[in-house]
Amino acid sequence: MEKGFEKALEIYSVLATGQSISAKDKETAELYNSFYSDSEVYDAVTALLKKLNLKLYEYNESIFVTAGAGNKVFGYTNDDLKRMLGLRLNKELYLVYFIVYEALLQFYKTSDTYQVKDYIRLDELIEVVGKELGRISSDTSVYTQDDVNDSSFKAVALLWDGLPPMISEDKDRNKASRGSRYGFAKLTANLMNQEGIFTVVDDRLYPTDRFHAIVENYFEESGSSIMARLEEIKNKPADTEEGE
Amino acid sequence: MIQYTMVFYVVLISLSRDLMAQDFVRCKKIYESKCSMASKYTLTDDIIKNHTERILNLRKFYPFFTLAEGTFSQYKEGVFRFLDMGYITLAVLRYFINENSFNDSPVTYSGYSEFCREMLSRDFDVTRERFAKDEIDELIRYIFDKMRNYGKAFEFDFYDPAERKQKVARVRLIDSTVRENEVVYTITEDGIEFYLTTKEVRDESRINMDQILLEKLIKSENFRGSIDVIERINIEVKALEKYREEVVELLLSDVHEGAKAVDEYVERTSVWFAEERKSFARNRELVDKAVARLTFGSDAGDSKTARDITRLQTILKQTIENHSNLIAATAELSRFSDEMIRRSRVRSLRASFDYESALNRMVAEDCPQCLAEFIEPLLLPKRHKSLAISTIDNIVLQRTAESLKGEERKELKADLNFKYDDELLNESVSMNFAKLFKELLGRLQRWDRVTLKEYGAILEVKFGMDIYRNRDYYAFLTHLAGKDSYSVKEITENSETFLEEMVVSGMTEDELESFQDMAFKIEFGNDLVKMKLDQGSTEEIAEITDMTFIKM
């Protein structure tokens, strides 16, 4: 096997397991250097990733891959995520999505305007989620049974509204769960931590380089196709609920 | 002639009068029926179309009456029946407004608890002398839970005749949130609105209404009452300021919606502000006069009144300043809105992705599932295979299900002993050749000379009649006839023909050793030997030239 291709495979195997390759990391610095200094390696890696429908981004002397949206091999389905998070209903998953999106908005209003702050506290996130859900769901003061079951923002807002802020006033007894707003936020924070987009320390969410890399580049690049796909998704029925 | 003409006109006029009268009656009937239809239409329209709106206006009163009715009748077997939950509700809401709106801080449970304890002791004589501390603590918690409806919104069902659907109206008075790991409470907008509408008429500037009242109070020299009214005006000014802040926030997040909200806000308040300003000026004048009277007048002796007037003057001054700031900020709001619209236009030309607009679009299309498009790229590539839900069901329900048996894991290695069909055939042919050759050598060891006929008979005895149907037998003889003589030693060391090769590979080393000294030659005769003994058989009979094998 050619040496360049062998190195490219090594880089791919690191990236595909979810790790980043960074010039600042002793273990991967050599791979980072060969990726940028050896055109053969660079071409092989990019060709390989392109074939697998993975996208590569650089930020702060580190490279990351993302499967993007709707990737059938490396992407997650709604059911995968529900299983991963221990959720049962679609609207619960949408609430988690919404919390992640709100966390994103705390740092980026647009892909080119980073609001410089080191972290966001979990309670701030909970407050902003409540406020935004209140704003966007047209009017939660009146609802019908359809609204509760529907895949709508109103259903998400009603779900949030019906949750207690915490299960217990004792901080240590509040775990990630579906039982409270804090629990949901914690559940989402754990997901974001696990997926390497935020580092969660002491209920504070610090954005990672991976987060910056994807938020600043991926959507800017794929924005128009995403918007086109929104139309398709809207017309597609949502995944089946389990035992609702 | 003239007379005829006149008569004709008279007849004509009287006729036309009759006709007009008839028309008028008909028109009147139509008009009346139309009026009645219109009024009926308006009536039905008003009943059906505006019902939901009316219920929504009513809903803010619902918690109050739910709370006021029977909250204490069942509690602790009615020991606290003498408490008025209606009063307590309004008092607690006022406390929340004070903390949230004036002091700009959320309420903690301990803050509320302190306020409630003081109120219960002051207004209902719920003191430590009459009740145990635990009982009072429990009562305070009970009141709080009731007002929060145990964390849920107050809900009541109603029928929407326009949509022909059963709906649920909901309202909260107090909301809770987590701040720095502590649960804090705030009064909701519904709560504020309810509290304020208990005294004034909505959709009018409450500030203006209060001003009129204030004017009356100052004129009647009720300065204490005036101070209360000004405090209420302050609440209104604060509420408008909060409203303005919300509009600004909306403008920052969504320019289009924000611009609409700005227009609405400016339109609503601009009419009020002019009136309010005039009223403030008038009231200030009145207060100034009162102060002047206080200084130079004869009735300046009442120090309490003097204190009230001075306080009134100070807080009125403060309120006017707040009000002026609000007006200035509102004027600024329009400019700010224009600037935001301009920036939004510039931004839209740049190739960046606008996350807020994307969210607004998803919201406008009410598509929460679309959020997945933005979350999935943030996740790491999926590395693990997972089981389908149906498989998990099977695991739980059917332990012996076929699907669960799975596939047996086998270590697959390259089978070095694998033989292809032709190799297998070769092997069997070589075995057969070797057997035939061994038989010949064995016979030659004893007899020194063997004819083909004898050889065939021997084979027939050993292997049966099937030998004649064995193709290898004929092939053996054909190949054997290829050479005149054979030496076992020679063919072991150096196989010259295909037959020799096959024979050597089909015999063991021991066998080869035992025959190593054997050698024979073949003498070919002229006769043909029939290879089948059973002459009656219908099968084809092979004929082979006679051969004699002679030991050397």
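Residues numbered from 1 in each chain as written. Chains lettered and ligands numbered in written order. Predicted model: local features only at pLDDT ≥ 70, side-chain atom pairs only at ≥ 80, totals over all residues.

Chemist: Explain the overall build of chain B to me, please; I cannot follow it from the model alone.
Modeler: Summing up its helical and strand segments, chain B has 21 helices and 8 strands in all. Buried positions account for 24% of the 552 residues belonging to chain B. Here the contacts in chain B between residues at least 6 apart in sequence split such that 63% fall between residues at least 24 apart. (Helix = DSSP H or I, 4+ residues; strand = E, 2+ residues; numbered from the N terminus. Buried ≥ 20, exposed ≤ 12 C-beta atoms within 10 Å, placed from the backbone. Contact = placed C-beta atoms within 7 Å.)

Chemist: How should the overall build of chain A be read in this particular structure?
Modeler: Secondary structure summary: chain A contains 10 helices and 9 strands in total. For chain A, the residues scored as buried account for 39% of the 244 residues in total. Nonlocal contacts in chain A, meaning residues at least 24 apart in sequence, comprise 50% of its contacts between residues at least 6 apart.

Chemist: I keep staring at the packing of helix 5 (residues 90-105) of chain A against helix 8 (residues 153-161) of chain A and nothing clicks. Help me out?
Modeler: How two helices sit against one another is set out by the angle between their axes and by the gap between those axes. Residues and elements named next belong to chain A. Closest axis-to-axis distance for the helix 5/helix 8 pair is 9 Å, and the angle between their directions is 85°. Relative to helix 8, the element helix 5 is oriented roughly perpendicular. In this structure, helix 5 uses K91, E92, Y94, L95 and F98 to contact helix 8, whose residues at the interface are A155, V156, L159 and W160. The class makeup of the residues in the contact of helix 5 with helix 8 is 7 nonpolar, no polar and 2 charged. (Axes fitted to C-alpha atoms, helices over the stretch in contact; angles between N-to-C directions. Parallel < 35°, antiparallel > 145°, perpendicular 65-115°, else oblique. Nonpolar A, V, L, I, M, F, W, Y, C, P; charged D, E, K, R; others polar.)

Chemist: Explanation requested: the pairing of strand 2 (residues 165-171) of chain B in the structure shown.
Modeler: Residues in a regular strand project their side chains so that they alternate between the two faces of the sheet. Residue and element names in this part refer to chain B. As paired strands, strand 1 (residues 154-160) and strand 2 are joined by 7 bridges and run antiparallel to one another. Following the sheet pairing, F154 is matched in strand 2 by V171. Counting the residues in the hairpin turn of strand 1 and strand 2 gives 4 residues, including R164, whose phi is positive at 55°. (Pairing = 2+ DSSP bridges.)

Chemist: I would appreciate a short explanation of the confidence of the model for chain A in the present structure.
Modeler: Atomic detail in the predicted coordinates should be set aside for any region of low pLDDT. In the predicted model, chain A carries a mean pLDDT of 83, and 85% of its residues have values of at least 70. When pLDDT is averaged over each helix and strand of chain A, the minimum, 66, is found for strand 5 (residues 113-114) of chain A and the maximum, 93, for helix 5 of chain A. (pLDDT = per-residue confidence, 0-100.)

Chemist: Looking at this model, I keep getting lost on the sheet that holds strand 8 (residues 543-551) of chain B. Mind explaining?
Modeler: Hydrogen bonds between backbone atoms are what pair the strands of a sheet, whose relative direction is either parallel or antiparallel. All names here are of chain B. On the basis of which strands lie adjacent, the open sheet formed by 4 strands has the order 5-8-7-6 and antiparallel pairing. Strands at the two margins of the open sheet, each flanked by one partner only, are strand 5 (449-451) and strand 6 (485-487). Pairwise comparison of adjacent strand axes, ignoring direction, gives a mean angle of 25° for this sheet. The sheet contact formed by strand 6 and strand 7 (residues 519-530) spans 3 bridges and is antiparallel. Bridge pairing links S485 to K521 in strand 7. Sitting on the sheet, helix 16 (residues 421-447) touches strand 5, strand 7 and strand 8, and the angle it makes with strand 5 is about 130°.

Chemist: Is there a simple way to think about the nonpolar core in this case?
Modeler: Counting residues in hydrophobic clusters, the biggest one holds 80 residues, and the most contacted among them are Y97(A), F98(A), I99(A), V100(A), V156(A) and L371(B). Of the residues forming this core, the biggest block, 11 residues, is contributed by helix 5 of chain A. Mapped onto the domain boundaries, this core takes at least three residues apiece from domain 1 (3-66) and domain 2 (78-235) of chain A. Those residues in contact with I99(A) that lie beyond four places of it in its chain are L125(A), V129(A), F184(A), A185(A) and T188(A). Within the second largest apolar cluster, 25 residues are counted, among which are M85(B), M147(B), I192(B) and F194(B). (Core = buried A, V, L, I, M, F, W, Y, C linked by C-beta atoms within 7 Å. Domains from an automatic or database assignment.)

Chemist: In this structure, what is going on with the interface of chain B and chain A? I would like to understand it.
Modeler: Interface extent is often summarised as the accessible area lost during association of the parts. Each partner contributes to the interface: chain B provides 50 residues, whereas chain A provides 65 residues. Only helix 2 (51-59), strand 2, strand 3 (174-179), helix 12 (355-364) and helix 13 (372-375) of chain B provide two or more residues apiece to the side of chain B that touches chain A. It is strand 2 of chain B that contributes the most residues to the side of chain B that touches chain A, 6 residues altogether. Class assignment for the residues of the side of chain B that touches chain A results in 26 nonpolar, 7 polar and 17 charged.

Chemist: Mind showing me how you'd approach the sheet that holds strand 8 (residues 198-201) of chain A here?
Modeler: Residue and element names in this part refer to chain A. Spatially, 6-9-8 is the arrangement adopted by the 3 strands of the open sheet, whose pairing is antiparallel. Each having just a single partner strand, strand 6 (120-121) and strand 8 make up the two edges of the open sheet. Pairing between strand 6 and strand 9 (residues 204-207): 2 bridges, direction antiparallel. By the bridge assignment for strand 9, I120 is matched with L205. The sheet strands contacting helix 9 (residues 181-194) are strand 8 and strand 9, and the helix crosses strand 8 at an angle near 125°.

Chemist: Whenever I open this one, helix 12 of chain B confuses me. Can you help?
Modeler: Because an α-helix completes one turn every 3.6 residues, residues spaced three or four positions apart along the sequence face the same direction. All names here are of chain B. Residues Y355, A358, L359 and M362 constitute the buried set of helix 12. The arc that holds every buried residue of helix 12, seen down its axis, measures 100°, which confines them to one face. D366 lies just past helix 12 and shows a positive phi near 50°. (Arc of directions from axis to C-beta.)

Chemist: Whenever I open this one, the confidence of the model for chain B confuses me. Can you help?
Modeler: Residues and elements named next belong to chain B. With 79% of its residues at a pLDDT of 70 or more, chain B shows a mean pLDDT of 78. Looking over chain B, one finds the lowest element-wise mean pLDDT in helix 15 (residues 402-405), namely 54, and the highest in helix 5 (residues 109-124), namely 92. Low pLDDT (under 50) marks residues 1-16, which in the prediction has 0 contacts with non-local residues, meaning those over four places away or in another chain. The complex model carries a pTM of 0.49, and its ipTM stands at 0.90.

Chemist: What am I meant to see in unusual backbone geometry here?
Modeler: Residues apart from glycine generally show negative phi values, whereas peptide bonds are mostly found in trans. Residues and elements named next belong to chain B. One non-glycine residue, N149, lies in the positive phi region at around 50°. Along the chain, N149 turns up in the loop between helix 6 (133-147) and strand 1. A count of 18 C-beta atoms within 10 Å places N149 in the partly exposed class. At D366, a residue that is not glycine, the phi angle is positive and equals roughly 50°. Its location among the elements puts D366 in the loop between helix 12 and helix 13. On the basis of neighbour counts, which here come to 17 C-beta atoms within 10 Å, the residue D366 falls in the partly exposed class.

Chemist: I keep staring at the environment of E215(B) and nothing clicks. Help me out?
Modeler: Residues and elements named next belong to chain B. Residue placement: E215 occurs in helix 8 (residues 206-219). Among the residues examined, E215 registers 16 C-beta atoms within 10 Å and is labelled partly exposed. With 11 residues separating them in the primary sequence, E215 and S226 have C-alpha atoms 8.2 Å apart.

Chemist: Explain the packing of helix 2 (residues 26-37) of chain A against helix 3 (residues 39-51) of chain A here, please?
Modeler: Residue and element names in this part refer to chain A. Helix 3 packs onto helix 2 with a crossing angle of 95° between their chain directions and a minimal axis gap of 5 Å. Between helix 2 and helix 3, the angle falls in the class roughly perpendicular. Only V41, Y42 and V45 of helix 3 make contact with helix 2, whose side of the interface consists of S34, F35 and Y36. For the contact of helix 2 with helix 3, a count of residues per class yields 5 nonpolar, 1 polar and no charged.

Chemist: What should I look at first to understand the environment of K91(A) in this one?
Modeler: Residues and elements named next belong to chain A. Within the secondary structure, K91 sits in helix 5. Owing to 27 C-beta atoms within 10 Å, K91 belongs among the buried residues under this scheme. Separated by 65 residues in sequence, K91 and V156 place their C-alpha atoms 5.6 Å apart. When residues no more than four places from it in sequence are discounted, the contact partners of K91 are S151, A155, V156 and L159.

Chemist: Hey, could you run me through the environment of K49(B) in this one?
Modeler: All names here are of chain B. Of note, K49 is situated in helix 1 (residues 2-49). Note on K49: 11 C-beta atoms within 10 Å, which makes it exposed. Taking the C-alpha atoms as reference, K49 lies 9.1 Å from E163; in sequence the two are 114 residues apart.

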